[in-house]
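Observations on the three-dimensional arrangement
In case you want the letters, here they are:
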Amino acid sequence: MNPLVAESISSLHSSVSIVDESFSPEKGADYFLSVMLGSDAIAWCVLDRKRNKVIALKNKPAEEALTGTLLQQFSKSDETLAEVAYRNVHVSVVNRLSTLIPSGLYEKGDEERYLRFNVAPDKTIALADKLRAEAIVNVFGISENLSEAVKKSFPHAAIHHFSTPLIEGILLSPSSSEKKMFLHLQRNSCEIVVSDRK
């Protein structure tokens, strides 16, 4: 493998910790927390809604697959997660357990059936995101273990699949006649979306 490529891939999995001096756990009601749960890492950022400023950006790789136990350890041990009463919390799940269903065919309550038909997961809870830009529902899965840990660590969190904001961002972006390519890079995967709005 090209040494430059190998170095770039390994840097995708390094620890990042940037916290602005203005961060204060007591001001949690002014903050928005966005968490991304990958297969082997957790990343999050804190937005101060009053100032519209990102005041914390962190990434912690896990030595092994991210489990509910590891998520709870991270959430209890980090000063930007532990005992901060955030105004809003959004958790984004990064995995391949998702499928898009046209709204006309989607029946609430059938999420598990849609998911099992398309990706056949084990011990998975099926959830759904309605895409604002189109009449599409993104049905996705999260492991029971991780789902329970999210509920314990962030009791009022909204859980979404990572592809929902990716797809919405593309669909809501200003249209142009040129082709665009969007990348979502992870250590063990890469999603590529090409948009051609002719």
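The text that follows walks through the structure, step by step, so that each part is easy to find. (Residues numbered from 1 in each chain as written. Predicted model: local features only at pLDDT ≥ 70, side-chain atom pairs only at ≥ 80, totals over all residues. Heavy atoms only, no water.)

**What to know about the environment of His-160**
Rule in force here: We count a stretch as a helix when DSSP gives it H or I for four or more residues in a row; a strand needs E for two or more, and each element gets its number in order from the N terminus. With a 1.4 Å probe rolled over the protein chains alone, any residue whose accessible area is under 20% of its type maximum counts as buried; one over 50% counts as exposed, and the rest are partly exposed. We call two residues contacting when some pair of their heavy atoms lies within 4.5 Å. Throughout this description, a polar contact denotes any pair of N or O atoms lying within 3.5 Å of each other; where both atoms belong to protein, one of them has to be capable of donating a hydrogen while the other can accept it, and for residues adjacent in sequence the pair is counted only when both atoms sit in side chains.
On the secondary structure map, His-160 appears in strand S9 (residues 158-161). Residue His-160 is classed as partly exposed on the basis of its relative accessible area, which comes to 25%. His-160 sits 32 residues away from Ala-128 along the chain, and the two C-alpha atoms are 7.6 Å apart. Each residue touching His-160, except ones within four places of it in the same chain, is listed here: His-90, Val-91, Ser-92, Val-93, Asp-129 and Phe-140. Reaching out from His-160, the side chain makes a polar contact with the side chain of Asp-129 at a distance of 3.0 Å.

**Details of the sheet that holds strand S8 (residues 136-143)**
Where we set the bar: Two strands pair under a simple rule: DSSP has to find at least two bridges between them. Lines are fitted to the C-alpha atoms to define the axes, a helix being fitted only along its stretch in contact, and any angle between axes, read from their N-to-C directions, falls within 0 to 180 degrees.
If you trace the 3 strands from one edge of the open sheet to the other, you get S6-S8-S7, paired in antiparallel fashion. The open sheet is flanked by strand S6 (98-102) and strand S7 (124-131), the only strands paired with a single partner. Here the average twist between neighbouring strands, direction ignored, is 25°. Here S7 pairs with S8 via 8 bridges, running antiparallel. If you follow Lys-130 over to S8, its bridge partner there is Val-137. Strands S7 and S8 of the sheet are contacted by helix H4 (residues 144-153), whose axis makes an angle of about 95° with S8. Helix-sheet contacts for helix H5 (residues 163-172) involve S6, S7 and S8, and the interaxial angle to S7 is about 15°.

**Let's talk about the side chain of Asp-129**
Here is the rule we go by: Only four residue types enter the tally: Lys and Arg on the positive side, Asp and Glu on the negative side, with His and both chain ends excluded. Note on definitions: salt bridges are taken to be side-chain nitrogens of Lys or Arg within 4 Å of carboxyl oxygens of Asp or Glu.
Tracing the backbone through its elements, the reader meets Asp-129 in strand S7. Although Asp-129 lies buried, it forms no salt bridge, and the closest oppositely charged side chain, Arg-132, sits 10 Å away as judged by the N-O distance. Polar side-chain contacts of Asp-129 include one of 2.7 Å to the side chain of Thr-164. Excluding its chain neighbours within four sequence positions, the residues that come into contact with Asp-129 are Ile-136, Val-137, Asn-138, Phe-140, Ile-159, His-160, His-161 and Thr-164.

**What to know about the environment of Glu-63**
Along the chain, Glu-63 falls in the loop between strand S4 (53-61) and helix H2 (68-77). Given the relative accessible area of 78%, Glu-63 is considered exposed. In sequence terms Glu-63 and Ala-41 are 22 residues apart; their C-alpha atoms lie 8.6 Å from each other.

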